[in-house]
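Tertiary structure, described
Chain by chain, the residues:
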Amino acid sequence: MLLRLNRQTQQLEPKLAVSWRQSEGGKAITFRLRDGVRFSDGTPFGAEDVVYTFETMMDPAKLSPVGDSFRSAQGAPQARALSTSQVEIRFPAPVAGVERLFDQVTIVSARSPRKAMAALGPFALKEHRAGSYVLLERNPNYWEKDANGRALPYLDAVRLEILQNREMELIRFRRGELHLVNKLDADSFARLAADAPSAARDAGPSLEPEMLWFNQSPQSPLPAHKKAWFQSRAFRRAVSAAINREDLARLVYHGYARPAAGPVPAANRNWVNTSLAPHAYNPGDAVARLEKDGFRLRSGVLRDGKGTAVEFSVITNAGNKAREKMAAMIQQDLAKIGIKLNVVTLDFGSLIERITKTLNYESCLLGLVNLDLDPNAQMNVWLSSGASHQWNPAQKSPATAWEAEIDTWMRKQASTTDPARRKAAFDQVQRIAWEEAPFLYLVTKNFLVGVGPAVRNVQPASLHPAVFWNIERLALAAETSGIRP
Amino acid sequence: MKQLRIAAMGVLVAIFSASLAADLLSPHPYGEQYRDAVNAAPSRAFPMGTDDMGRDRLSRLLHACRVSLLLAPAAALVATTLAGLLGGAAGYLGGTADRVFLRLSDLFLSLPWLFLFLSVRSLLPLNAAPAVSAVATFLLLGVLGWAGPARVARACACGLRQSDFVMQAKANGRSPMRLLLVEIVRNLRPVLAAQFWLAIPVFVLAEANLGLLGLGVSEPLPSLGGLLRELENYQAVVSQPWMVAPAIILIGVTGCLHLVLGWEEIRR
Amino acid sequence: MTESLPRSDDMEAAASGATLLDVAVSVDYFGRQAAVREVRFSMERGEILGLIGESGSGKSTLAMAILGLLSFRGGKARGEIRLQGRDLLALPEREMRQVRGRAIGFVPQSPLAALNPTLRLDGHFREAWRAHRPDRNGWREVLPDLLRRVQLPREAEFLRQYPRQLSVGLAQRVLIALALLHNPRLIIADEPTSALDAITQSGVLSLLAGLNRDLQTSILFISHDLVSVARLSHRVAILLHGELVEQGPAVEVFGNPQHVYTRQLMATLLVNPLLRR
């Protein structure tokens, strides 16, 4: 990669590019490349490799997800070599925060006969068995050296094991067969913390909020009265106020999570709207909001204006213990304000089908995985026309005034490259989402990792890939076989 | 042997009546979360402690027994009845009927029925009560579970077909239907009884596995299978040994059923 | 009275001549040709025919052929078996079932094995009755006379027993009672006494003789025991390797055996069986 996002500082640092410069109001970016770098197979690295990589990536037939994020409504960008060590990439329109995307672009050799095996990074692929493991081998031509002038990486090989069973993962880690575990669930982590405190490392809040949303789509096959409930802000806010987020974090995640306020977790330091606090747990306030909206709570049962008892189902993916537990806890919380919640766990396939195709569901409890800190990555979620606008996807025109307002702010942040103005616009989006509660943010999990006693230089971060983002500097105390995250 | 059988009967009666009276005997509602007392050790308030959501383990166990120990035998009954009729008929008739049966049972044993379970869950309304989904799951387990026991029944029926008393019944001019029911299926009863009590723990565990896929008995209704799933966490079991109670109950019930039913067949 | 039991009416209508049974068959088994070869014999009404032959000579095969049950043993009969003029081999299974148990009764060789171990005795009578009668409980009315005739206890406790609680002799009497339930024209008794001890054997033979005398029931008595056959039969037929080698009135066959095999059989006996009559 040309640049790397330092997972700890959340700043970009130079790698294959020694420097870069944006020009023409964000429509062009010029990289100055490092000299004397060779691929793992010995072929030299130069501007033509970057151009080749970029062209391959932008080929629509390749369906590259990273390529998609470079593309905009106005068209695809073009790469051009200015000299052997200078590349210019031109965009049809300014794209805000585009340079961070280069963190995810792996440069491929234009000349090497065995392209897939020629790497520029610290390790090269040696062996790969699908669903089982990936074996990486030290790249002898890696350019980077440590402060003492020693060539990086320190490790000779890395074996990435793909394990299906969390129980097995933990057992092998405890036996020392695995040196690193990239992600532990809270249950396993709590157990690890109890008997090997030094190995259990809490990397802090992740970018992954757990949330619940109601199906507000007018096309859904739900009865009209349920659509009316779900489209009512008072109803959504009341449900939100009835949920005890502290209890969720404490009991489901053993305290390794915190109540969530909005789409941007506190971990995303540059973008979070710090003025927003999680919706407070207050069943009394919940009932007051509902009564104001025409609902009545009588002898423990909440009824709407027409006298229909409020009952709805929440779907979540089966096998995720934490979500099943959260659903059960929310069930009890909502019972206190007279709402009957039915928990339905579905296999992931049927769940996705329901929330994206048939829209035959009432509410859904799911987590969001954010790999990217920049709000542009969330365009699809917030624009009312977006396919991932879960509560009412792919609208022709915004169904509500507040969705129209979100659309405006999202477009505004995307159309400028000025960080302060982008931040201000995205703050507005977060504020509206907080007020209208289309997503009820529940908790933000901490990123929990396991680090074996022999591993050195680990800087666990709460962004992917948490334990080995700085893989070239990882080392083992006793020079044993290699690390196995 | 006789004392043992009476003791087994006593255990069964105790467990079944306790699970029938679960509502009366439970110290707490089975779904109530006492969030300030999670993973509590046994105490006067919680005789068997609480689970990781602060729910009373004893109350959950009682209700789990009610769900699993009533529905699993019902499913086993469905499966063994089908097995007796289909396997008995195939073994008795032989020929084409038998070949069709063997193909069909092969198919039933090899098909990935999970898909059927998945589609059944998505056919049930989302707001279906947990009890409805529990009954549907066990019923389906029963309907799909005939093939294994039926193969055993068929093998026995093949032997019975050649027996003197079946030949004698034919010489008496008995109708094929009565022959099947009275001469074949009646004589398969010891075999079917064995299949029946084998099927009960199998179905209880099958329900637990389905639970992992979001089928079966849904929250907050407990089932024995669901409680057994907690035993996966071996470290928790070591620190809270009372968690193994559901496993003991399941083994106890199966063992006692074996004793009681087995004795019945010896006497006959 | 047992005598008053109705006989099958259609059978009565067909019973124009005095000949009850006319047999002319060959039997093939899968993989074994002609287990029985062109066997011809006939029986008159009220007659006892003794069929003699050693194991494997085809005696039981003939019995199965007459009852139409050969297919269950993997065999097939060719030729004609006429019961009161009707060819049984040409009857569809549905009608043949009406003949079994109703027109022809069957008494088997191993009485204990021939009773369903899971069924009480009364269950056996109930099932046998339901096979041919629409009324469910008619058997309860005819049963006391039937049991008296075969000299079985009439107490309810006896009928509540399971087959394994019976002695072999009692079990054979139960089977004879079952064979008599629908008052058939013909009883086929396949080695009915071979599993019994001498005294019980004698009792069963007397019983069969009495039935023949009182009810005019014809009996096809199949046995390898010359003494029993001679004691009971009016006529005798000798079966050797699936072929009928000699037949005629008992007095003639035993008094003046023609075939070598018959003479050999006679020679095994210390005393001419006729002398014991």
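The sections below set out a description of the structure shown in this document. (Residues numbered from 1 in each chain as written. Chains lettered and ligands numbered in written order. Predicted model: local features only at pLDDT ≥ 70, side-chain atom pairs only at ≥ 80, totals over all residues. Heavy atoms only, no water.)

Topic: the overall build of chain B
Scanning chain B for helices and strands turns up twelve helices and zero strands. When the helices and strands of chain B are placed in sequence order, the string is α-α-α-α-α-α-α-α-α-α-α-α. Dimensions of chain B along its principal axes, counting C-alpha atoms only, are 75 × 50 × 30 Å. When the 268 residues of chain B are sorted by exposure, 50% land in the buried category. When contacts within chain B are restricted to residue pairs at least 6 apart in sequence, those whose partners lie at least 24 apart make up 71%. On chain B, roughly 11500 Å² of surface is accessible, and the fraction owed to carbon and sulfur atoms is 71%. Positive and negative side-chain charges of chain B, numbering 22 and 16 respectively, have mean locations separated by a distance of 12 Å. (Helix = DSSP H or I, 4+ residues; strand = E, 2+ residues; numbered from the N terminus. Buried < 20%, exposed > 50% of the residue type's maximum accessible area, 1.4 Å probe, protein only. Contact = heavy atoms within 4.5 Å. Areas by Shrake-Rupley, 256 points an atom, 1.4 Å probe, with all protein chains shown as cover. Lys, Arg positive; Asp, Glu negative; His and termini not counted. Charge placed at Lys NZ, Arg CZ, Asp CG, Glu CD.)

Let's talk about the overall build of chain C
Regarding its fold elements, chain C presents eleven helices and ten strands. By the burial criterion, 56% of the 277 residues in chain C qualify as buried. Nonlocal contacts in chain C, meaning residues at least 24 apart in sequence, comprise 69% of its contacts between residues at least 6 apart. Of the roughly 12000 Å² of accessible surface on chain C, 50% is carried by carbon and sulfur atoms.

Digging into the packing of aromatic side chains
Residues and elements named next belong to chain A. Summed over the entire model, instances satisfying the criterion amount to 24 aromatic pairs over all chains. A centroid spacing of 5.7 Å and a plane angle of 90° characterise the contact between Trp213 and Phe439, whose relative ring orientation is edge-to-face. Taken together, the residues span a long stretch of sequence, with Trp213 in strand S11 (residues 200–214) and Phe439 in strand S18 (residues 439–451) at a distance of 226 residues. The burial state of Trp213 is the same as that of Phe439; both residues are buried. The interplanar angle of 20° and the centroid separation of 5.1 Å between the aromatic rings of Phe214 and Phe230 together place this pair among those described as stacked. With Phe214 in strand S11 and Phe230 in helix H5 (residues 224–231), this pair connects stretches of sequence that are 16 residues apart. Taking the relative accessible area as the measure of exposure, Phe230 reaches 0% and is therefore buried. Cluster of aromatic residues (ring-pair linked, three or more members): Trp213, Trp382, Trp391, Trp402, Phe439 and Tyr441. Just above the ring of Trp434 sits the side chain of Arg237; from NZ or CZ to the centre is 4.7 Å. Positioned over the ring face of Trp409 is Lys412, at 4.7 Å from the centre of the ring. (Phe/Tyr/Trp six-rings, centres within 6.5 Å; stacked < 30°, edge-to-face > 60°. Lys NZ or Arg CZ within 6 Å of the ring centre and 35° of its normal.)

Observations concerning the pairing of strand S17 (residues 363–367) of chain A
Looking along a regular strand, one sees side chains alternate from face to face of the sheet. Residues and elements named next belong to chain A. The element S17 is extensively covered by neighbouring structure, given that four of its five residues are classed as buried. Where S11 lies against S17, five bridges are found, and the strand directions are antiparallel. The partner of Trp213 across the bridge, within S17, is Cys364. Relative to S17, strand S15 (residues 311–317) runs parallel, the two being bridged by two bridges. Note that in S17 the partner of Val314 across the bridge is Ser363. (Pairing = 2+ DSSP bridges.)

Details of the sheet that holds strand S3 (residues 17–23) of chain A
Residue and element names in this part refer to chain A. Taken in spatial order, the four strands make up an open sheet running S3-S4-S6-S5, and their pairing is antiparallel. Every interior strand has two partners, whereas the edge strands, S3 and strand S5 (78–83), have only one. Neighbouring strand axes in the sheet, compared pairwise and without regard to direction, differ in orientation by 20° on average. Here six bridges tie S3 to strand S4 (residues 28–33), and the two strands are oriented antiparallel to one another. (Axes fitted to C-alpha atoms, helices over the stretch in contact; angles between N-to-C directions.)

Focus on the interface of chain B and chain C
Chain B puts 20 residues into the contact, and the matching count from chain C is 27 residues. Here chain B and chain C share one salt bridge between them. Notably, a salt bridge pairs Arg178 of chain B with Glu127 of chain C, separated by 2.5 Å at the nearest N-O pair. On the surface where chain B and chain C come into contact, there are eleven residue pairs in polar contact (both at pLDDT 80 or more). Those elements giving two or more residues to the side of chain B that touches chain C turn out to be helix H8 (164–171) and helix H9 (176–212) of chain B. Residue contributions to the side of chain B that touches chain C peak at seven residues, all from H9 of chain B. Residues belonging to the side of chain B that touches chain C are distributed by class as follows: five nonpolar, six polar and nine charged. (Salt bridge = Lys/Arg side-chain N within 4 Å of Asp/Glu carboxyl O. Polar contact = N/O pair within 3.5 Å; in protein donor to acceptor, adjacent residues only side chain to side chain. Nonpolar A, V, L, I, M, F, W, Y, C, P; charged D, E, K, R; others polar.)

Comments concerning the interface of chain B and chain A
Each partner contributes to the interface: chain B provides 25 residues, whereas chain A provides 33 residues. Salt-bridge contacts for Arg250 of chain A lead to Asp36 of chain B; the nearest nitrogen and oxygen are separated by 3.8 Å. At the boundary of chain B and chain A, one finds ten residue pairs in polar contact (both at pLDDT 80 or more). Breaking the side of chain B that touches chain A down by element, the ones donating at least two residues are helix H5 (114–123) and helix H11 (234–239) of chain B. When residues in the side of chain B that touches chain A are grouped by element, the largest group, three residues, is from H5 of chain B. Of the residues in the side of chain B that touches chain A, the class split is eight nonpolar, eight polar and nine charged.

Focus: the environment of Ala22 of chain B
Summarising the element assignment, Ala22 of chain B is placed in helix H2 (residues 22–25). What Ala22 of chain B contacts, discounting residues up to four positions off in sequence, is Leu62 and His63 of chain B.

Some remarks on the sheet that holds strand S8 (residues 133–138) of chain A
Residue and element names in this part refer to chain A. Here we have three strands laid out as an open sheet, ordered S7-S8-S9, and antiparallel in their pairing. Edge strands, defined here as strands with exactly one partner in the open sheet, are strand S7 (123–129) and strand S9 (157–161). For this sheet, the mean inter-axis angle between neighbouring strands, taken without regard to orientation, is 20°.

Considerations on the nonpolar core
By size, the foremost hydrophobic cluster in this structure holds 55 residues, and its most contacted members are Phe235, Phe312, Leu334 and Ile339 of chain A. It is helix H9 (residues 321–335) of chain A that provides the largest number of residues to this core, a total of seven residues. Among residues more than four places away in sequence, those in contact with Phe312 of chain A are Phe214, Lys226, Phe230, Phe235, Leu334, Ile339, Lys340, Leu341, Asn342, Glu362 and Ser363 of chain A together with Asn127 of chain B. Counting 52 residues, the second largest nonpolar core, distinct from the first, contains Leu115, Trp129, Leu208 and Met266 of chain C. (Core = buried A, V, L, I, M, F, W, Y, C linked by side-chain atoms within 4.5 Å.)

Describing the pattern of salt bridges
Residues and elements named next belong to chain A. Summed over the entire model, instances satisfying the criterion amount to 56 salt bridges over all chains. For the salt bridge of Arg111 with Glu48, the shortest nitrogen-to-oxygen distance reads 3.1 Å. Remark: Glu48 occurs in helix H1 (residues 47–58) and Arg111 occurs in the loop between strand S6 (86–90) and S7; sequence separation between them is 63 residues. Among the ionic contacts, a cluster of salt bridges with common partners joins Arg4, Glu13, Lys15, Glu144, Glu472 and Arg473.

A word on the environment of Tyr34 of chain B
All names here are of chain B. By the element assignment, Tyr34 lies in the loop between H2 and helix H3 (57–93). You can call Tyr34 partly exposed: its relative accessible area is 25%. For the pair Tyr34 and Thr50, spaced 16 residues apart in sequence, the C-alpha separation works out to 8.3 Å. Other than its neighbours up to four places away in sequence, Tyr34 contacts His28, Pro29, Phe46, Met53 and Gly54.

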